[in-house]
Structures are given as C-alpha cells and as structure tokens.
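Fold and geometry: a report
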Amino acid sequence: MFVRYGKPLVFLLCLVPFGVLIARGASGALGPNPVEAITHFTGDWTLRLLLATLAITPLRRLTGQVWLVRYRRMLGLFAFFYAVLHVTTYLWLDRFFDLGTIAEDVLKRPYITVGFAAFVLMVPLAITSTQGWIRRLGRRWKTLHRAVYAIGVLGVLHYLWLVKADLLQPVIYGVILAVLLGMRVPWRDLAVRLRSAWRRHPWMAPERR
Ligand code: HEM
C-alpha cells in the first residue's frame, strides 16, 4: 500500500508548507512584515527538507529498509523548490532585483555570502538529478552529489550567522546535521587505520629504527 501510494503521498506532504504559506498570504496572516515572514518560512523549510534528504541513507543503513532511497531525490528537489522560493523572495520582494544592493549584500554580509554559495551549489545537483544525468555522469555523479554535505554545512552556517539572539534553533539544526554526517564516517575502519598507523610510528617501534 505505502510502496504504491508512497511517492504521491510524500509529494503532497512536501507541498503542505507551500499550501500553508499561500493560505497565510491570502488571509493576511503573515504578520506585520510579510516579506520577512516568507523569507523565514521558506528558509526553514529548505533546511528541514535538506536534513530529511540527508537522513535517508543513515536511516536505510540502520533499518535495512532499502525502499527509503526512493524518496531521496524527491526530498532533495523539494528542498531546492523551497530554496528557489526563499532566494526569489529575497531578490524580488526584499531587494526588487536591484543588482547593486544584491552584489553588495553577497560581498559584504557573510551570512548572505554563505547562503548564496549554498544556493549556487544546489543548482547543479537539481539539474543533474534525472536518470539521464545519472547515466551520463556515471561515477562522477556520486562525486558531484557529495556537494550536498557542503550545502548542509553552509545552510546551517548561514542560519547561525544571521541569528542575533536566540541560537537554539540553528544549533538544533547543526546538531542534527552533525549526527547525520557523522553517521556516514566509517568509524571502525578509521580506528583500525589510525591504530595501525600509530603502531608503525617510529615512537611506538623504536627498535625497528
Ligand atoms: C542566495 C541565497 C540566499 C539568500 C540571499 C538568503 C537570504 C536570507 C535572508 C535575508 C534571511 C532572513 C534574515 C533575517 O531576517 O535576519 C534568511 C533566513 C534563512 N535562510 Fe536564507 N538565504 C539564501 C539561501 C539559503 C539556503 C540555501 C538555505 C538552506 C539551506 C537558507 C536557509 C535559511 C534559514 C534556515 C533562515 C532562517 C529562517 C528563520 O529565521 O526561521 N537560506 N536567508
């Protein structure tokens, strides 16, 4: 049942925040500063969906549920969808496409520089997410798509940098990201390699020198 209707269901679930945003906009419930409210809302959902995308592989490994991978691309593309809304809100509603102010922001405000870098990195990943590109790029596809880790780090940095007082939320995102990235490190192999490198070190085996 879930396997059959899973994809349309996840698709609709990913559209729920967009629906909420439209409903709030239509009913005037975006508060005194609608542009700020939209920027915050879409920024949050970009990061949430990015973390959901990054959670698929560790979850699959932990549970052995291979089917989870079927949802990874969709979640990643929805993260990009909310990023496009987020960036468009900034470019259009906040900066009215004034290229001078935008360039100044990107160059002089570190949190914008970092967010901009994250968004630029997202573009090639979204473009090459199709089966055709996976086939065409072969092994290079995997290497390219490792950029998603950098996007996660830049996204959290962007948030940490822009927050003035309450760091709790970006710190929570940061901890979740650290756990998700940490679960990808082959700790046991690393420990074995470090131990053998340490044993081979001249300090540990002076008799062989
Ligand atoms: C060109 C790229 C980007 C620009 C110009 C940009 C700009 C902004 C701005 C102006 C804010 C509001 C700052 C404030 O009110 O003080 C914001 C908030 C935020 N952005 Fe971005 N952003 C970009 C890309 C991204 C990306 C790629 C992500 C996620 C991976 C992201 C996640 C967030 C988050 C989580 C927030 C805070 C939301 C909240 O306060 O609840 N942004 N961004």
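The structure under discussion appears in the preceding block.
These numbers were taken from a predicted model, which means no experiment stands behind them.

Attention now goes to the overall build of the protein. A count of helices and strands for the protein gives 10 helices and zero strands. Tracing the protein from N to C terminus, the helices and strands come up as α-α-α-α-α-α-α-α-α-α. Its C-alpha radius of gyration of 21 Å places the protein more than 25% over the 17 Å reference for a compact globule of 209 residues. If one aligns the C-alpha atoms of the protein with their principal axes, the spans along those axes are about 75 × 50 × 35 Å. The burial tally for the protein puts 33% of its 209 residues in the buried class.

Each protein donor to the iron atom of the ligand is listed here as His-86 (NE2) and His-158 (NE2); together their distances run 2.0 Å. Around the iron atom of the ligand, the six donor atoms are arranged such that angles at the metal cover 88 to 180°; this shape is classified as octahedral. Pair noted here: His-86 is in helix α3 (residues 72–94) and His-158 is in helix α8 (residues 147–162), with a separation of 72 residues, a long-range link. The pair formed by His-86 and His-158 is uniform in burial state, with each residue classed as buried.

Here we come to the nonpolar core. With 34 residues, the main nonpolar core has Leu-49, Leu-50 and Met-122 as its most contacted residues. Residue contacts for Leu-49: discarding those within four places in its chain leaves Cys-14, Leu-75, Phe-78, Ala-79 and Tyr-82.

In this section: the site of the ligand. In the region of the ligand, 21 residues are neighbours, and His-40, Asp-44, His-86, His-158 and Tyr-159 sit closest. The side chain of His-40 places a nitrogen or oxygen atom 2.7 Å from an oxygen atom of the ligand. Here an oxygen atom of the ligand and a side-chain polar atom of Asp-44 are 2.8 Å apart. When residues of the shell around the ligand are traced back to their parent elements, those giving at least two are α2 (34–63), α3, α5 (110–127) and α8. Among the elements that take part in the shell around the ligand, α2 stands out by supplying seven residues, more than any other.

Non-glycine residue Phe-96 carries a positive phi angle of around 50°. Inspection of the secondary structure assignment puts Phe-96 in the loop between α3 and α4 (99–108). Of the residues examined, Phe-96 reaches a relative accessible area of 65% and is grouped as exposed. Unlike most non-glycine residues, Phe-97 shows phi in positive territory, near 55°. Checked against the element boundaries, Phe-97 lands in the loop between α3 and α4. Take Phe-97: its relative accessible area is 48%, and that puts it in the partly exposed class.

Right, let's talk about the side chain of Thr-128 for a bit. Along the chain, Thr-128 falls in the loop between α5 and α6 (131–137). Separated by 2.9 Å, the side chains of Thr-128 and His-145 make a polar contact. Apart from residues no more than four positions distant in its own chain, Thr-128 is found in contact with Trp-133, Ile-134, Leu-137, Trp-141, Leu-144 and His-145.

Okay, the packing of aromatic side chains next. According to the stated counting rule, one finds eight aromatic pairs in the structure shown. A ring pair is formed by Trp-67 and Tyr-71, whose centres lie 6.1 Å apart and whose planes are at 90°; its orientation type is edge-to-face. Between Trp-92 and Phe-97, the aromatic rings sit 6.5 Å apart at their centres with planes inclined by 20°, giving stacked as the arrangement. By relative accessible area, Trp-92 is classed as partly exposed at 48%.

Before going further, it helps to spend a moment on the packing of α4 against α5. Helices that pack against each other are described as a pair by the angle of their axes relative to one another and the distance between those axes. For the pair α4 and α5, the least separation of the axes is 5 Å and the interaxial angle reads 100°. On the basis of the axis angle, α4 is roughly perpendicular to α5. Across the interface between the two elements, Asp-105, Val-106 and Lys-108 of α4 pack against Pro-110, Ile-112, Thr-113 and Phe-116 of α5. Grouping the amino acids of the contact of α4 with α5 by side-chain chemistry returns four nonpolar, one polar and two charged.

Under the counting rule described, the total for this entry stands at three salt bridges. Taking the shortest distance from any N to any O, the salt bridge between Asp-105 and Arg-95 comes out at 2.9 Å. In this pair, Asp-105 is assigned in helix α4 and Arg-95 in the loop between α3 and α4, connecting sequence segments 10 residues apart. Summarising the burial analysis for this pair, Asp-105 and Arg-95 share the class buried. Several salt bridges share partner residues, and in doing so they unite Asp-94, Arg-95, Asp-105 and Arg-109 into one network.

The rules we used
- Residues numbered from 1 in each chain as written.
- Predicted model: local features only at pLDDT ≥ 70, side-chain atom pairs only at ≥ 80, totals over all residues.
- Heavy atoms only, no water.
- Helix = DSSP H or I, 4+ residues; strand = E, 2+ residues; numbered from the N terminus.
- Rg over C-alpha atoms; globule rule 2.2 N^0.38 Å.
- Buried < 20%, exposed > 50% of the residue type's maximum accessible area, 1.4 Å probe, protein only.
- Donors = N, O, S within 2.8 Å, 3.2 Å for Na, K, Ca; no water.
- Tetrahedral: all angles 85-135°; square planar, octahedral: opposite > 155°, others 65-115°.
- Core = buried A, V, L, I, M, F, W, Y, C linked by side-chain atoms within 4.5 Å.
- Contact = heavy atoms within 4.5 Å.
- Near = heavy atom within 4 Å.
- Polar contact = N/O pair within 3.5 Å; in protein donor to acceptor, adjacent residues only side chain to side chain.
- Phe/Tyr/Trp six-rings, centres within 6.5 Å; stacked < 30°, edge-to-face > 60°.
- Axes fitted to C-alpha atoms, helices over the stretch in contact; angles between N-to-C directions.
- Parallel < 35°, antiparallel > 145°, perpendicular 65-115°, else oblique.
- Nonpolar A, V, L, I, M, F, W, Y, C, P; charged D, E, K, R; others polar.
- Salt bridge = Lys/Arg side-chain N within 4 Å of Asp/Glu carboxyl O.

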